[in-house]
Amino acid sequence: RCRLSCHVKRHYSLLPDVDDGDTVTDFMAQERERGITIQSAAVTFDWKSHRINLIDTPGHVDFTLEVERALRVLDGAVAVFDASAGVEAQTLTVWRQAEKHHIPCVCFLNKMDKPAANFCIESIRQKLKANPVLLQIPVGSGKNFTGVVDLLTSQKLMWKMKSMRDDGRVFEVKALDRSDDPDLLQVVSDARTALIEQVADLDDEFAELLLTDFSENFDAIPSNKLQEAVRRVTLARKGVPVLCGSSLRNKGVQPLLDAIPAYLPAPNERHHDVVRWYKDDLCALAFKVLHDKQRGPLVFLRIYSGTLKPQMALHNINRNSTERMSRLLVPFADQHVEIPSMTAGNIALTVGLKQTVTGDTIVSSKASAAAAARRAQNDSEAGKRSRECASVILSGVEVPDPVFFCTIEPPSMSKQADLESVLNCLQREDPSLKVRVDPDSGQTILCGMGELHIEIIHDRIRREHGIETHLGPLQVAYRETILHEASASDTLDRTVGERRHVVTVELAVRPVDVASVGGSCELAFTEELEGQLSAEMKEAVENGVHSSFLQGPLLGYPLQSVSTLMQRVTIEPGTSPAMVSACVSRCMLKALRLAGGQVLEPVMLLEVTVGDDHLSSVLGDLAQRRGTVRDIQSRHDNKVLLATVPLAEMMGYSTVLRTLTSGNATFSLELDTYEAMNPQEQNTLLKRLSGLL
């Protein structure tokens, strides 16, 4: 992915390379040292007559938020596969994220020059449940991979590398003829026929054209008509075009760049209901924030409508605040170019928005938001006026819950304030990082998505801010739920000064399905109560319930999969909302204790690629980690082991696996679900956390 951006970096004599650690989009020191992408990076460049906004995203599960926020604002995606490995565990996670956002995709089978490379079409079809539409056939394989055949035009694209310094900018295009390899001609003929038949099955307009004008000879269909049909299939998400190549020497990269405007949607082809109500007024979504020591917060905006200019006063609907943007920049990884204006469909980088955070909707003024709300109201006669404001806010970025936490301490108390400031900045940059203070010990708790995530945060605090912090032992972020239904009531009667506060609450809680990663808690009111409470008091009740959701009755972990029904709330005149929230929280705690507690532990989906000679050792180790083997597959000379393992058992697994296999194995992890701990494990955990063990 990062290689796509390199064609516009004019001052390089050689294109940057992942293996050399000098790619444009992997500019962080940690990225170059580890050879992985850690944070998403945006690059804007022109390709032929098109402007492309490219965001390179990480593949590691610890940085899944970076993928989530990129997919939230992009119109299409290029999914890059290792042709020798096919669909891997983390590929499934990213693919599901793209499907959730209804993103049309193009697949690129990379590393076709590796000895074990194969055309992993079946892997895409079976594991991703996608419908691959094959547009190219490779010419040669492994070290003999020299080019591709375009099935739409029946042209052969060949990259003839004359030296190791050849970067693949120049390639040869020629039509297939009888002088070519007969086996290749037959493979291309069969593949093109299959492509035409597949597209006809997926696109009625193309099928009708075939039957009316080309029924005698399907092969005579013009390539432009076939391309238009493939585009319609892609935009309707009925199929995914598949191309191939080797980005190491840029073989197949130019056709991939051509495929982006050819098959993925332009901004005006993606329909956003909220955006149409703004018409030509500015509407943008803040999807990423970076901190620059000189310029302060840099906010990335996806512009959906209108025009953005420097020195504009911008209204943030979520914060109900207005800020003035001082400068407008085009992002190019860590280098930015100042520009006078930017229009809809682009990614902008702004300077001066100090209150804006990830997920905020930015408009030109309160008046434009009100005008959009009126248009939304007119479009929906059944809509309620109280919901007008919410109806013109773009949906934000979904932030996953942390699964690991640990304490973090400064080298001395004199550095505590500096550390708090740094952590606030990092949280604004990375909403998947959560920081809280333990109410009992007063220690600062760092919550993250995994070992690598927390390790990178720790390293950034040291390198970028010069604070040598100490991390406590890494612990798993468990969750809690309840076992039974329960009801409770409570009355708070308190006099503060001359003011008396009296409130009575009755509520019921019950467990709901826990077999999901994000089993949320629910709150509902009886119909009678819904009409009795004022907006202020209803908000106070919600605050009291939600604060209880954050701290379970067993060990204080967040609750999951609990439904609460508010049955009665009686409030005497003069009672403050804070007292209502306090009474509701106390009543919730009673009900939760009566319902019985259950600890839920995160269970990970583990994929290990290992040779036959080390498979038994890996299986034996997994058995000791309470692992459950789901499947063992063959991939060339290796075995691919799929298993589920409790996250608590995976501490330091990379070191153990390296020892067991002499470094000849790789693995990936992703969160699968939360499961109830068995009674023995739960009791052990309760004793350990209570300080008895």
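Residues numbered from 1 in each chain as written. Predicted model: local features only at pLDDT ≥ 70, side-chain atom pairs only at ≥ 80, totals over all residues. Heavy atoms only, no water.

The name given to the chain in an unreviewed UniProt entry is Elongation factor G2, with Astatotilapia calliptera as the source organism. What UniProt records for the chain under Catalytic activity (unreviewed entry) is the sentence "GTP + H2O = GDP + phosphate + H(+)". (UniProt positions renumbered as here; feature names shortened; annotations may be inferred.)

Counting residues in hydrophobic clusters, the biggest one holds 45 residues, and the most contacted among them are Leu195, Val199, Phe206, Leu226 and Tyr263. Elements with a contribution of two residues or more to this core: strand E1 (41–47), strand E2 (50–56), strand E4 (105–110), strand E6 (136–139), helix H5 (182–202), helix H6 (204–213), helix H7 (223–235) and helix H8 (253–263). It is H5 that contributes the most residues to this core, eight residues altogether. In this structure, Val599, Leu641, Met650 and Met677 belong to the second largest nonpolar core, which totals 41 residues. (Core = buried A, V, L, I, M, F, W, Y, C linked by side-chain atoms within 4.5 Å. Buried < 20%, exposed > 50% of the residue type's maximum accessible area, 1.4 Å probe, protein only. Helix = DSSP H or I, 4+ residues; strand = E, 2+ residues; numbered from the N terminus.)

This next bit is on unusual backbone geometry. At Asn250, a residue that is not glycine, the phi angle is positive and equals roughly 60 degrees. Position of Asn250 relative to the elements: it lies in the loop between strand E10 (240–244) and H8. According to the relative accessible area criterion, Asn250 is buried, its value standing at 2%. Positive phi outside glycine occurs at Ser662, with the angle close to 55 degrees. Note on placement: Ser662 falls in the loop between helix H18 (653–661) and strand E34 (665–676). Since its relative accessible area comes to 58%, Ser662 is described here as exposed.

Attention shifts here to the packing of aromatic side chains. Overall, the coordinates contain five aromatic pairs when judged by the stated rule. A centroid spacing of 5.6 Å and a plane angle of 70 degrees characterise the contact between Tyr478 and Tyr557, whose relative ring orientation is edge-to-face. Note that Tyr478 is positioned in the loop between strand E25 (475–476) and strand E26 (479–482) and Tyr557 in the loop between helix H15 (535–549) and strand E30 (562–571), a separation of 79 residues in sequence. Judged by relative accessible area, Tyr478 falls into the buried class, the value being 6%. Assessed through its relative accessible area of 10%, Tyr557 is described here as buried. Their ring planes at 90 degrees and their centres at 5.1 Å tell us that Tyr653 and Phe667 sit as a pair that is edge-to-face. (Phe/Tyr/Trp six-rings, centres within 6.5 Å; stacked < 30°, edge-to-face > 60°.)

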